[in-house]
Amino acid sequence: MGSMEFESNHWIWDGVYYPQLFGLGGIMITAAILFLSTGYFGGIGAPFFPYFWPHMGLFYKNRSRKRPVRVYMDGCFDLMHYGHANALRQAKSLGDELVVGVVSDEEIVANKGPPVLSMEERLILVSGLKWVDEVITNAPYEITEEFMYTLFNKYRIDYIIHGDDPCLLPDGSDAYALAKKAGRYKQIKRTEGVSSTDIVGRILSSLRNLSADKTNNNSPDIKQGLSDEKIQAETCNSVKTQLSHFLPTSRRIVQFSNGKGPLPGARIVYIDGAFDLFHAGHVEILRNARQLGDFLLVGVHNDQTVSERRGCHPIMHLHERSLSVLACRYVDEVIIGAPWEVSKDMITTFNISLVVHGTVDESTCKCDTDPYATPKSMGIFQTITSPRDITSMSVARRIIDNYEAYKSRNLKKKKSEDRYYTEKKFVVGD
C-alpha cells in the first residue's frame, strides 16, 4: 500500500546546477544567495531564507524519495491456523513491510495460560508465512511505552495493528491503549470461525473418541487418572467448540493463493498429506520439498481419507487445512481434496516432475496398495527425511497430557470470546 514520502532538498548545490542559473546572470544570483546565507539583510537574519527558497521555484527540487511503510502486529501464534494467517495478510495490506512480534512463553503464561507450542516452533510457523518480512522474538504481551519507543525508533514502525476483538491484560485494561493514544494504531477484522481456544476445545472434545480407540496401538493414550465420566462431561460441555464455524469462500482462497502457475519447463514437485494442526514439522518438510524444484504443488487429503488412514477424524476440516498450507511461503499451489493414490493421469495433468514423501507418516492403516506405486515405477519418487518427528497427534497429546491446565485456560478464554460474539458489530475488512 502507500508509502511515506520524504523530500530531500539539497538547496544550494542542486540550485547551482539548475539550467536557468547557468551563465553570468546565474553566477551573480548564486553569489548573491551565498552572501545572504552568511550575512544580514535589512536587519533580518538571512540564514532562515533557505527554508523558503524551494517554494520560490528558484532551485531544482529532487524527486521525492519514498521509504516503505512498516507495520507491526504481535501475537502468541500458538496452534497456528488460517485465522492467524489471515490476520497477518490483512496487516500486510496496510503497509509495505510487515514486522511480527512473537510473544514470549513467560508472557503467555502470565496473561493466558500455558502455551502448547515452544517459542522455536512458533517462530518457524510465523517465519514460514508468505506475508511476513521480519520477526521480533520474545515480544511483550502489552504495548508498553518503552516497547513502543523501540518499535518506532529501532524498527521504524509506522503503525501497530490488531484485530477488532479486545486484547485485555489481567487487570482488564487494553493492551494497545498507548498505541491508540499515540495515533499509531490500526484495526483489522477478526477472521470468523476459528481461534486457538476453539482448536483446544475441539481437541478436548475428542478425548472420548481417543479413549474408546484403545485397539489402535498408534493412537495416543489418555493421561492416566482421567476417568471416562470426566471425558464424557467435557465432551458434552464442548459440543459448541467441537463444531467448526468456518465459512469458506472463493474470495478467501484467492487471497491466500499466489495466483501464478508454473513457468514453461519448470520442475514441479508434488507432496501430499493431511496437514492437520499445521505445525513446524509441516513448514520444514514443505521448505525441503520446495528446494527440490521450481514449483511446489501440495495435495491436501479430504476429511474422509484422513479418517480412514489415520483412524480418527482430523481436528481441522479440509478447507481449514488447505488455507493453512496455502499461507506457507514455500507452497505455490494446493489440490483441495487430493486423491490418496498418485495416478499416471494426475502426474500428466499437473506435469509433475517429482513426487516426494517424508519419513514421518501419521497413517495407521496397513493398505494393500501403495499410493506411490505409479511414481515409483516411473522413477520420479523420492523419500525425504522429515526434519522433525512432531505430528498432529503429538501436538494434540500435549494438550491431553495437561488436561486440567488447558481446560481452565479454555474456560477463561471462552467467556471472553463468547462476549465478543455477543457484542460483535460489523467491521470493514476482509
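Residues numbered from 1 in each chain as written. Predicted model: local features only at pLDDT ≥ 70, side-chain atom pairs only at ≥ 80, totals over all residues. Heavy atoms only, no water.

A closer look at the overall build of the chain
A count of helices and strands for the chain gives 20 helices and 14 strands. Burial status across the chain gives 49% buried among its 430 residues. Sequence-distant contacts in the chain: of pairs separated by 6 or more residues, those separated by 24 or more amount to 80%. Summing over all exposed atoms, the chain offers an accessible surface of approximately 22100 Å²; the carbon and sulfur share of this is 54%. (Helix = DSSP H or I, 4+ residues; strand = E, 2+ residues; numbered from the N terminus. Buried < 20%, exposed > 50% of the residue type's maximum accessible area, 1.4 Å probe, protein only. Contact = heavy atoms within 4.5 Å. Areas by Shrake-Rupley, 256 points an atom, 1.4 Å probe, with all protein chains shown as cover.)

Quick word on the pairing of strand 13 (residues 354-358)
Within strand 13, five of the five residues are buried, which leaves the element mostly enclosed by the surrounding structure. The side-chain alternation of strand 13 yields two buried faces, one formed by Leu-354, Val-356 and Gly-358 and the other by Val-355 and His-357. Bridge count for strand 10 (residues 268-273) against strand 13 is three bridges, and the pairing is parallel. Across the sheet, Tyr-270 pairs through a bridge with Val-355, a residue of strand 13. (Pairing = 2+ DSSP bridges.)

Structural notes on the sheet that holds strand 9 (residues 185-188)
Taken in spatial order, the five strands line up as 7-6-5-8-9 in an open sheet, and their pairing is parallel. Both outer strands of the open sheet, strand 7 (134-139) and strand 9, are each paired with one neighbouring strand and no more. Across this sheet, the average inter-strand angle for adjacent strands is 30°, counted without regard to direction. Taken together, the four bridges between strand 6 (residues 97-103) and strand 7 define a ladder with parallel strand orientation. Across the sheet, residue Gly-101 finds its bridge partner in strand 7, namely Ile-136. Helix 4 (residues 82-93) rests against strand 5 (70-75), strand 6, strand 8 (159-163) and strand 9 of the sheet, and its axis sits at about 140° to strand 6. Set on the sheet, helix 6 (residues 119-127) makes contact with strand 6 and strand 7; between it and strand 6 the angle comes to about 165°. (Axes fitted to C-alpha atoms, helices over the stretch in contact; angles between N-to-C directions.)

Examining the pattern of salt bridges
By the definition in use, this model includes 16 salt bridges. Asp-198 serves as the salt-bridge partner of Arg-202, at 2.8 Å between the closest nitrogen and oxygen. Here Asp-198 and Arg-202 lie together in helix 9 (residues 196-205), a separation of four residues that amounts to about one turn. Like Arg-202, the residue Asp-198 is buried in the burial classification. Salt bridges linked by common partners bring Arg-70, Glu-97 and Glu-134 together as one network. (Salt bridge = Lys/Arg side-chain N within 4 Å of Asp/Glu carboxyl O.)

Quick word on the packing of helix 9 against helix 19 (residues 392-401)
Across the interface, helix 9 lies against helix 19 with an axial gap of 10 Å and an inter-helix angle of 80°. In terms of their interaxial angle, helix 9 and helix 19 are classed as roughly perpendicular. On helix 19, the residues touching Val-200, Ile-203 and Leu-204 of helix 9 are Ala-396, Ile-399 and Ile-400. The residue makeup of the contact of helix 9 with helix 19, split by class, is six nonpolar, no polar and no charged. (Parallel < 35°, antiparallel > 145°, perpendicular 65-115°, else oblique. Nonpolar A, V, L, I, M, F, W, Y, C, P; charged D, E, K, R; others polar.)

A closer look at the sheet that holds strand 10
Strands sit in the order 12-11-10-13-14 across an open sheet of five strands; the sheet is parallel. Only two strands of the sheet have a single neighbouring strand rather than two, namely strand 12 (333-338) and strand 14 (381-384). The mean inter-strand angle of the sheet, taken between neighbouring strand axes irrespective of direction, is 25°. Summarising the sheet, strand 13 and strand 14 pair through four bridges and their orientation is parallel. When the bridges of strand 14 are listed, Val-356 appears paired with Gln-382.

Topic: helix 19
For helix 19, the full list of buried residues reads Ser-392, Met-393, Val-395, Ala-396, Ile-399 and Ile-400. Seen along its axis, helix 19 keeps its buried residues to an arc of 160°; they face one direction. (Arc of directions from axis to C-beta.)

Topic: the environment of Ala-289
Here Ala-289 lies in helix 14 (residues 280-290). Its relative accessible area of 0% is what places Ala-289 among the buried residues. For the pair Ala-289 and Gly-358, spaced 69 residues apart in sequence, the C-alpha separation works out to 9.2 Å. Discounting residues that sit within four places of it in the chain, Ala-289 has contacts with Val-269, Ile-271, Leu-296, Val-356 and Ile-384.

As for the packing of aromatic side chains
For any pair of aromatic rings, geometry is given as the distance between the ring centres together with the angle between the planes. Counting across every chain of the model gives four aromatic pairs. Ring geometry for Trp-131 and Phe-256: centres 5.2 Å apart, planes at 75°, overall edge-to-face. Of this pair, Trp-131 sits in the loop between helix 6 and strand 7 while Phe-256 is found in helix 13 (residues 250-256), placing the two residues 125 residues apart along the sequence. Like Phe-256, Trp-131 is buried. Taken together, a centroid distance of 6.0 Å and an interplanar angle of 50° make the contact between Tyr-176 and Tyr-185 tilted. On the basis of relative accessibility, which here comes to 2%, the residue Tyr-176 falls in the buried class. (Phe/Tyr/Trp six-rings, centres within 6.5 Å; stacked < 30°, edge-to-face > 60°.)

Some remarks on the environment of His-357
One can find His-357 in strand 13. When residues no more than four places from it in sequence are discounted, the contact partners of His-357 are Asp-272, Tyr-372, Phe-381, Gln-382, Thr-383 and Ile-384. Within polar-contact distance, the side chain of His-357 engages the side chain of Tyr-372 at 3.1 Å. (Polar contact = N/O pair within 3.5 Å; in protein donor to acceptor, adjacent residues only side chain to side chain.)

Points about helix 9
In terms of burial, helix 9 is largely enclosed, as ten of its ten residues are buried. Every buried residue of helix 9 is accounted for by Ser-196, Thr-197, Asp-198, Ile-199, Val-200, Gly-201, Arg-202, Ile-203, Leu-204 and Ser-205.

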